[in-house]
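# Report on the structure
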Amino acid sequence: MEKRTIGHTKDIGWQFGIRKSIPLSVTEVWDFLFSTNGEKLWLNGADKEFSTLKNLSHIRTKWKLKGWTNQATLQMRVISNKDKTTIAFHIEKLLNENQREETKKYWDNVIKTITEKITTNR
């Protein structure tokens, strides 16, 4: 039996995902993420010409960290769940484990900052 490494897929290389639930409606979260202040927190390095955009649901686009020569695929979703909303980021097509670790560090910080800003600026 082949041992799998966390974050490595057989089809699309390396990937990383993170999610956080916050006590706000999906509309409040979506509006914040696409406000001028919200976009500054998570759209750095992203192609703003989204290949997929479903209002109040998700986007899909190309993304890369500064210094990378390749682009990964970024998916951002907002998921309504009763009295809270989950923000989920999923990045795939990373080249290797090092890029996955860089991505993890970057997005851990992004989701922490979003959570702080969105819950204090209500």
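Here we summarise the structure given alongside this text. (Residues numbered from 1 in each chain as written. Predicted model: local features only at pLDDT ≥ 70, side-chain atom pairs only at ≥ 80, totals over all residues. Heavy atoms only, no water.)

## What to know about the pairing of strand β5 (residues 84–94)
Which entries qualify depends on this criterion: Relative accessible area decides the class of each residue, using a 1.4 Å probe on protein chains only: under 20% of the type maximum gives buried, over 50% gives exposed, and in between gives partly exposed. The helix count covers DSSP runs of H or I at least four residues long, the strand count covers runs of E at least two residues long, and both are numbered beginning at the N terminus. The rule for pairing is simple: two strands pair if DSSP sees at least two bridges between them.
Of all eleven residues that make up β5, eight are buried, and the element is covered over most of its length. Two elements, strand β1 (residues 14–22) and β5, share nine bridges in a ladder whose sense is antiparallel. Paired with Ile22 across the strands is Thr85, a residue of β5. Of the strand pairs in this sheet, strand β4 (residues 72–81) and β5 are connected by nine bridges, and their pairing is antiparallel. When the sheet's bridge partners are listed, Ile79 is paired in β5 with Thr86. Hairpin geometry of β4 and β5 is characterised by an intervening segment of two residues between the two adjacent antiparallel strands and by a positive phi of about 60° at Lys82.

## Examining the side chain of Asn70
We apply this condition: Nitrogen and oxygen atoms within 3.5 Å of one another constitute a polar contact, given that in protein one can donate a hydrogen and the other can accept it, and given that sequence-neighbouring residues count only through two side-chain atoms. Residue contacts are counted whenever heavy atoms from the two residues lie within 4.5 Å of one another.
Structurally, Asn70 can be placed in the loop between β3 (58–63) and β4. The class of Asn70 is buried, set by a relative accessible area of 13%. A distance of 2.7 Å separates polar atoms of two side chains, one belonging to Asn70 and the other to Gln99. Beyond its immediate stretch of four places on either side in the chain, Asn70 contacts Lys64, Lys93, Leu95 and Gln99.

## Focus on unusual backbone geometry
Not every positive phi belongs to a glycine, and Leu56 is a case in point at roughly 60°. Considering the arrangement of structural elements, one finds Leu56 in the loop between β2 (52–54) and β3. For Leu56, a relative accessible area of 33% gives the class partly exposed. With a phi close to 70°, Lys93 is a non-glycine residue in the positive phi region. Among the secondary structure elements, Lys93 is positioned in strand β5. The partly exposed category is assigned to Lys93, whose relative accessible area is 38%.

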